[in-house]
Amino acid sequence: MNDTMSRYRTMMGHRLFWPAAVLFVMLAANTIYRPGFLSIELKDGHLYGTPIDILRLSAPLILVALGMTLVISTGGIDLSVGSLCAISGAIACMYISKQPDQNSLGVVVTALAMALGVSLVLGAWNGVLVAVIGIQPIIATLILMVAGRGLAQLITEGQIITINSEPYRAIGLGHALTLPLAIFIALAAALLVAAFTRRTALGMIIESVGGNAMASRLAGIRSGRVIFLVYVISAACAAVAGFMMTANVSSADGNAAGLWVELDAILAVVIGGTSLAGGRFFLSGTIIGALIIQTLTTTVYAMDISPQTSLLFKAVVVIAVCLIQAPAFRARFSRRRRNAPPPATIADKPKEQVPA
């Protein structure tokens, strides 16, 4: 019995237990509400179903959240990722729309390279403001969050740029090995980030900078370069996410593309167990957090909750998830249960109350 309880407590103490449990409960609740929620079918060599849609629609958020995880682990924040999504999508779609052959693979590759290059420059701009000039991350990225949205509008001239390019459309809606291509792109990005942060010393260096930048500097780590690097990586992830968002609708809207994705990314990172104070980060937790956010969005739509109240519903669920996995909250709750008086028994009652 003691071994079982010990294993149970160890399992509950794992950082991924509560996020995974919440995701499981949400999927179970959706299945009860709609029995065919988890059904998947094969049509024309492609898999279709709500779980596949959740994975496909989660891909842009996973990409943005991966970059956000590295930024937050250094003690920073990047509020400009939504604007970077809009800028990258606007540049790519604008270039493709002006070409005579929009289905040319060379045209699409050139558009992606141009948009990615501009995004890397903007990410470097954030890194310089934070790491070199010393501006607070929330202020430095807030500048690009506001100005970047205006830049995206300037690129598109305030219009919605529509394109008819199958190679570009495949980024968001294409398939490979029966699954959406977006899933493989997000998986490749996650594996790449994990390889560089968990198979090399880079991850430990990022965590040390986030834990104590001054001590890291005294230990010989160039913390400024590390902070600069994570903002560039975040911009690259946001750029690829922007390609997916615009490819899904074959158009670029500088005002709406990537709107508020930075908030969902921060929520995904926090739900995954990474502290906003910096230090240790958990990429697997971030991915589960992104899946929770997208599953919640799908649930809101499936239950016909009005758009006016969907954000409130979403906020309540996210707060509940964060409280459930917070060690301090769980410790206080369990302490109250232990300190609660035991139920009265016959032996505890006065003699005159004991039946004969």
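These numbers come from a predicted model, not from an experiment. (Residues numbered from 1 in each chain as written. Predicted model: local features only at pLDDT ≥ 70, side-chain atom pairs only at ≥ 80, totals over all residues. Heavy atoms only, no water.)

Each pocket or cavity is described by its volume, and for the largest pocket that value is around 1100 Å³. What lines the largest pocket is a set of 33 residues, and nearest its centre among them are Leu259, Asp264, Thr297, Tyr301 and Lys314. At the level of secondary structure, the elements contributing two or more residues to the lining of the largest pocket comprise α3 (50-73), α11 (223-249), β6 (251-252), α12 (261-271), α13 (283-302) and α14 (307-325). Among the elements that make up the lining of the largest pocket, the one with the highest residue count is α14 (eight residues). When the residues that make up the lining of the largest pocket are grouped by side-chain class, the tally is 23 nonpolar, seven polar and three charged. (1 Å grid on protein atoms, 1.4 Å probe; cavity = no way out; pocket = protein on both sides within 12 Å on 5 of 7 lines; lining within 4 Å. Points joined across faces, edges and corners; volume = space filled by probe spheres on them. Helix = DSSP H or I, 4+ residues; strand = E, 2+ residues; numbered from the N terminus. Nonpolar A, V, L, I, M, F, W, Y, C, P; charged D, E, K, R; others polar.)

In the structure shown here, the tally under the stated rule is one aromatic pair. Seen from their ring centres, phenylalanine 17 and tryptophan 18 are 5.0 Å apart, and the 80° between their planes marks the pair as edge-to-face. Note that arginine 198 overlies the ring of phenylalanine 281, its terminal NZ or CZ placed 4.2 Å from the centroid. (Phe/Tyr/Trp six-rings, centres within 6.5 Å; stacked < 30°, edge-to-face > 60°. Lys NZ or Arg CZ within 6 Å of the ring centre and 35° of its normal.)

Along the chain, tyrosine 95 falls in helix α4 (residues 81-97). Taking the C-alpha atoms as reference points, tyrosine 95 and threonine 110, separated by 15 residues in sequence, lie 8.6 Å from one another. In this structure, tyrosine 95 is in contact with Val107, Thr110, Ala111 and Met114, ignoring residues within four places of it in sequence. (Contact = heavy atoms within 4.5 Å.)

Compared with the 42 Å implied by 1.5 Å per residue over 29 residues, the 41 Å span of helix α5 (residues 105-133) between its first and last C-alpha is a close match. Along α5, the helix axis deviates most sharply at glycine 127, where the bend reaches about 25°. Here α5 has its buried residues at Val107, Val108, Ala111, Ala115, Ser119, Leu122, Gly123, Ala124, Asn126, Gly127, Leu129 and Val130. Buried-residue contacts for α5 involve α4, α6 (137-156), α7 (166-173) and α11. Note on α5: the residue one or two positions beyond its end, glycine 134, has a positive phi of about 90°. (Expected span 1.5 Å × (residues − 1). Bend = angle between axes of the 7 residues up to and from the residue. Buried < 20%, exposed > 50% of the residue type's maximum accessible area, 1.4 Å probe, protein only.)

Both strand β1 (residues 40-43) and strand β2 (residues 46-49) contribute to a ladder of four bridges, which runs antiparallel. Pairing of leucine 42 across the sheet is with leucine 47, part of β2. Hairpin connection of β1 to β2: two residues between the antiparallel strands, including aspartate 44 at a positive phi of 55°. (Pairing = 2+ DSSP bridges.)

With that settled, consider unusual backbone geometry. The residue serine 250 is not glycine, and still its phi comes out positive at about 55°. By the secondary structure assignment, serine 250 is in the loop between α11 and β6. Assessed through its relative accessible area of 16%, serine 250 is described here as buried. In this structure, tryptophan 260 takes a positive phi of about 65° despite not being glycine.

This paragraph deals with helix α2 (residues 17-33). In this model α2 runs 24 Å from its N-terminal to its C-terminal C-alpha over 17 residues, within 8% of the 24 Å that 1.5 Å per residue would give. If you check which residues of α2 are buried, you get Trp18, Pro19, Val22, Leu23, Met26 and Asn30. One side of α2 carries all its buried residues, which in axial view fall inside an arc of 140°. Facing away from the buried side of α2 by over 90 degrees, the exposed positions are Phe24, Val25 and Ile32. (Arc of directions from axis to C-beta.)

Nothing here speaks to function; it is all geometry.
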